[in-house]
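Descriptive structure summary
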Amino acid sequence: MIRNYTIKFFTLMLLMSWAFIAQAQTAINGKVTDDETGEGLAGVSVYVKGTTQGTVTDANGSFALNVTLKKPFTLTFSMIGFATKDMLVDEKTNLSNLTIKMGQTAVTLESVVVSASRRAEKITEAPATISIINSKNIAELPSFNVGELIARQKGVDYVRSGVLGTGVNVRGFNSAFNPKNLQMNDGRLSTLIATGLPFGPLGTVVKEDIERIEVILGPSAALYGPNAHNGLVNTITKDPRTSQGTTFALGAGNQSVFSGRLRHATKINDKFAFKISGEYTQGEEFDYVDSVYIGGTAFDEYLLDRKFDALRGEAALYYSPTDNSDIIFSYGYSNSNNLAQTNAGRNQIKDWSVQYFHLRYTSPRLFAQAYYTMSKTDETYAINQRTQNYQSFILAGFSEDEARRRSLTEAWAGVSPTVGVALNRGALFRDDSKRINGEIQYNNDFGVSGMNVIVGAQYQLDMANSLGTYLLDNNGEGIDVGQIGVYAQFEKSLGNGFKTVLAARADNHDLYGFNFVPKAALLKIGKKGTWRLTYGQGIAAPTILNLEGDIFGGLLLGNGQGFTLSNGTKIEKLKVETIQTIELGYKGKLTDKLYLDANVYYNISRDFLSPAINIADPANGVLVTQRGDQPLSQLQPGIATDAGSPIVLTYVNFGNVTTFGFDAGINYYINKAFNVAVNYSYFGFQLDENDLKNDGNKNGVVEATDLPINTPEHKLSLGLNYSSGKLFGSIFTRYVHAYNFFSGINVASKTNNDLTVGGDPVVENARVGRTWNYGPLGGFVNIDLSLGYHINKMFTISGQVTNLFDSEVREFVASPSIGRLFSIELKVNLPAFK
């Protein structure tokens, strides 16, 4: 049935695409030049203000655009690093051979973004708090790890778990297994299928092919759907027609880091262009062992491999059937080995590969895409569980070889090889999951000045398959889960600088049902900046693992069907977590050199996902009899009987909490070369500890571990940036206020003898439950220094030191202290072939 819907959806997309390709248009052509050098500017965005009708200039600065609007209208010319320019087009305007001159600027407020409204618009007019990491920022970073630049954005919780691992969270409720912040690449979901986690180090994008990264704070679910809950990170790659040439990059650093990268892009003719990129990176994590506790005794992680490597690459072919439409086909691949943090210790990622095929159609009115994502691993395992399994065999007297072989799937409950029983305690994680996505979007202003309407539909089919290792997928038959969503956005200028934005989205999911998400914004656009008042909702959807998980031989089961207890009590199946946000913001200039981007927000969050809890109460004779319509005896062989099960760990919805905060970014431009950036964020919350609806573990008391906020109260950063001529560099300082962090078995907290985790009081620098508590995260000041030099147009050399003074910096649980890291990079840029 689901696959029939898939065929129908893509058939509808194809028919609608053909219906809109041919449109009546008015031709405009011209050239954009640098007002200082007179040279043509490639990559300038040229679009009709208030619409999505637009194009970009070619390698010579020339452009051609067909517009369907009636005159008068305004053409906007924008490019990062240059002041945006508006041009009124009326009946007197000569639309052939226009010449537009643009002057350089370092001000990001002149930039154009696409993520806030799914269309091009000036960043000051976007109905959301949004930051940009542009291609210049990326090119001048002397590291393979672009994630380091996210630390410099306001309002973002940035954590580093090692040499390789970086993480991003926005506005609270972080965890060691966090799918709440949506990450996308070129409009394509960049998340794993079964767990919903972002690709992170498994991604396919190569640094040199990134045009910009747009970071949105707050809910974006009205346009992007489930899990654009707290924010969105959208990575946009370069167009080969405006970034022709070949780039080689070689990088090296301590911890045995080596990185080699290549990108090539060519415009073949007026119809075809292509690009290709590739990377190989390797290194070794800091010398750190996360202790595994068995009955209070600590053991080293078994078979720990601290080396990491990644092979990744992408290729894309661009075809332009008309002057302002494109058909783009792209492919990406990665294969990775590394360490990853989870709620139950660390995972040893072994040969985890990700692939995708992506087809897009873009034009001024219509956007359509379809893509197919694949995720595969056969040897990844949970280190903590495998260590426990291995030691259970060794302590019972088994040989090293047998203990090693059986530790992936079993634990031994007994005192000797002949006295005891093998328990199903799988540590192995296999994955052969796939995902199909389709989307179609149409926009029109219907000839009304200052108005724009966007409508769209999305379809997703997740085909999760753990090959029987961690899902209820019948040993390889897989779990198919479909969802479809429709969205609409209406924008209208109200006069006197006011603009309103109304958006809404409706989603229907096979497992957690129907959800409706609205959003509204009122903007006051002035000459110096824009005030913005927004209301939005977001949802965090349970992952397939939460809904259909089967871990530790059925001890932990997903709650996608609900449960029945022996006393007749019904445990409801999971539903989505919701958030409502009201935000007031301003983005603009205070003086000619001083710029401010600030917001205050107030959130109401409900129906959190609980930690895994035992829903049975065997002490009072209450057993779990069914999951949905299926008897527990079929899901827990050897544990459950016909009467039911005394232990079922699962997830339930609970609780509500109010959060609030303030983010501010100040940029002072001393001159064209120097600028100073200061970012500050405050985060607070209110939790009713007398309301037992907030009791996540159902022990009758509301504790800090029930609704862990896991976010610093204060964050402050200061950056001094220089870029002029051949020399560039920066000094960046970051302060993170100390904060407690609870996630699964992981504890990072100050001493609190009134709080227990795993049966132990929370004490700093001591064992707590199944982990060692090193104390709160944060509480550090970190200083990074970078410097680079353009030897000539072809060669650039740069270097960086992170944590310059080698301070004690512990940023995440189940992770080492982050010591000093240094790197050096040589980059070679070859011009396009003539």
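Above this text sits the structure in question.
Description of the structure in this document. (Residues numbered from 1 in each chain as written. Predicted model: local features only at pLDDT ≥ 70, side-chain atom pairs only at ≥ 80, totals over all residues. Heavy atoms only, no water.)

Details of unusual backbone geometry
- One non-glycine residue, Arg171, lies in positive phi territory at about 60 degrees.
- Along the polypeptide, Arg171 turns up in the loop between strand 12 (166–170) and strand 13 (181–185).
- In the Ramachandran plot, Phe173 falls in the positive-phi region, its phi being about 65 degrees despite a non-glycine side chain.
- With respect to the element layout, Phe173 can be found in the loop between strand 12 and strand 13.
- For Phe173, a relative accessible area of 7% puts it in the buried group. (Helix = DSSP H or I, 4+ residues; strand = E, 2+ residues; numbered from the N terminus. Buried < 20%, exposed > 50% of the residue type's maximum accessible area, 1.4 Å probe, protein only.)

Describing the pairing of strand 12
- Most of strand 12 sits inside the fold, with four of its five residues counted as buried.
- Looking at chain direction, strand 11 (residues 156–160) and strand 12 are connected through five bridges and run antiparallel. Bridge assignment links Tyr158 to a residue of strand 12, and that residue is Val168.
- In this structure, the hairpin formed by strand 11 and strand 12 is closed by a connection of five residues. (Pairing = 2+ DSSP bridges.)

Comments concerning the packing of aromatic side chains
- Under the criterion given, the structure shown has 18 aromatic pairs.
- Taking 6.5 Å as the distance between ring centres and 45 degrees as the angle between the ring planes, the aromatic pair formed by Phe662 and Tyr680 counts as tilted. Placement of Phe662 in strand 44 (residues 653–669) and of Tyr680 in strand 45 (residues 674–686) is noted, with a sequence separation of 18 residues between them.
- A relative accessible area of 31% means that Phe662 is categorised as partly exposed.
- The class of Tyr680 is partly exposed, set by a relative accessible area of 27%.
- Every member of this aromatic cluster is reached through a ring pair, and the members are Phe173, Phe608 and Phe654.
- Note that Arg152 overlies the ring of Phe732, its terminal NZ or CZ placed 4.9 Å from the centroid.
- A cation sits over an aromatic face here: Arg171 above Tyr601, 3.8 Å from the ring centre. (Phe/Tyr/Trp six-rings, centres within 6.5 Å; stacked < 30°, edge-to-face > 60°. Lys NZ or Arg CZ within 6 Å of the ring centre and 35° of its normal.)

A look at helix 4 (residues 383–395)
- Taking 1.5 Å as the rise per residue, helix 4 with 13 residues should run 18 Å; its terminal C-alpha atoms sit 18 Å apart, in good agreement.
- Of all 13 residues making up helix 4, ten are buried, and the element is well covered by its neighbours.
- Downstream of helix 4 by a residue or two, Gly397 has a phi angle that is positive, lying close to 95 degrees. (Expected span 1.5 Å × (residues − 1).)

Regarding the nonpolar core
- Membership of the largest hydrophobic core comes to 24 residues, with the highest contact counts inside it found for Tyr470 and Leu471.
- Contributing elements (two or more residues each) for this core: helix 3 (221–224), strand 30 (479–495) and helix 6 (544–548).
- Residues within four places of Tyr470 in sequence aside, it is in contact with Ala194, Phe429, Arg430, Asp431, Leu545, Gly549, Asp550 and Ile551.
- Grouped together as the second largest cluster of nonpolar side chains are 20 residues, Val67, Phe73, Met87 and Met102 included. (Core = buried A, V, L, I, M, F, W, Y, C linked by side-chain atoms within 4.5 Å. Contact = heavy atoms within 4.5 Å.)

Things to note about the pattern of salt bridges
- A complete count under the given rule lists 37 salt bridges for this structure.
- Arg171 is paired through a salt bridge with Asp663; the nearest N and O atoms lie 3.5 Å apart. A residue pair is termed long-range when its members are at least 10 positions apart, and Arg171 in the loop between strand 12 and strand 13 and Asp663 in strand 44 qualify at 492 residues. There is no split in this pair, since Arg171 and Asp663 are both buried.
- Residue Arg241 is joined to Asp239 by a salt bridge in which the shortest nitrogen-to-oxygen separation is 2.7 Å.
- A relative accessible area of 16% means that Arg241 is categorised as buried.
- Sharing partners across several salt bridges, the network here consists of Lys207, Glu208, Arg261, Glu825 and Lys827. (Salt bridge = Lys/Arg side-chain N within 4 Å of Asp/Glu carboxyl O.)

Brief notes about the sheet that holds strand 41 (residues 624–627)
- Spatial strand order, 37-36-41-42: four strands in an open sheet with antiparallel pairing. Each edge of the open sheet carries a strand with a single partner, namely strand 37 (570–571) and strand 42 (630–631).
- Pairing between strand 36 (residues 563–565) and strand 41: three bridges, direction antiparallel. In the sheet register, Phe563 faces strand 41, and the bridge partner there is Arg627.

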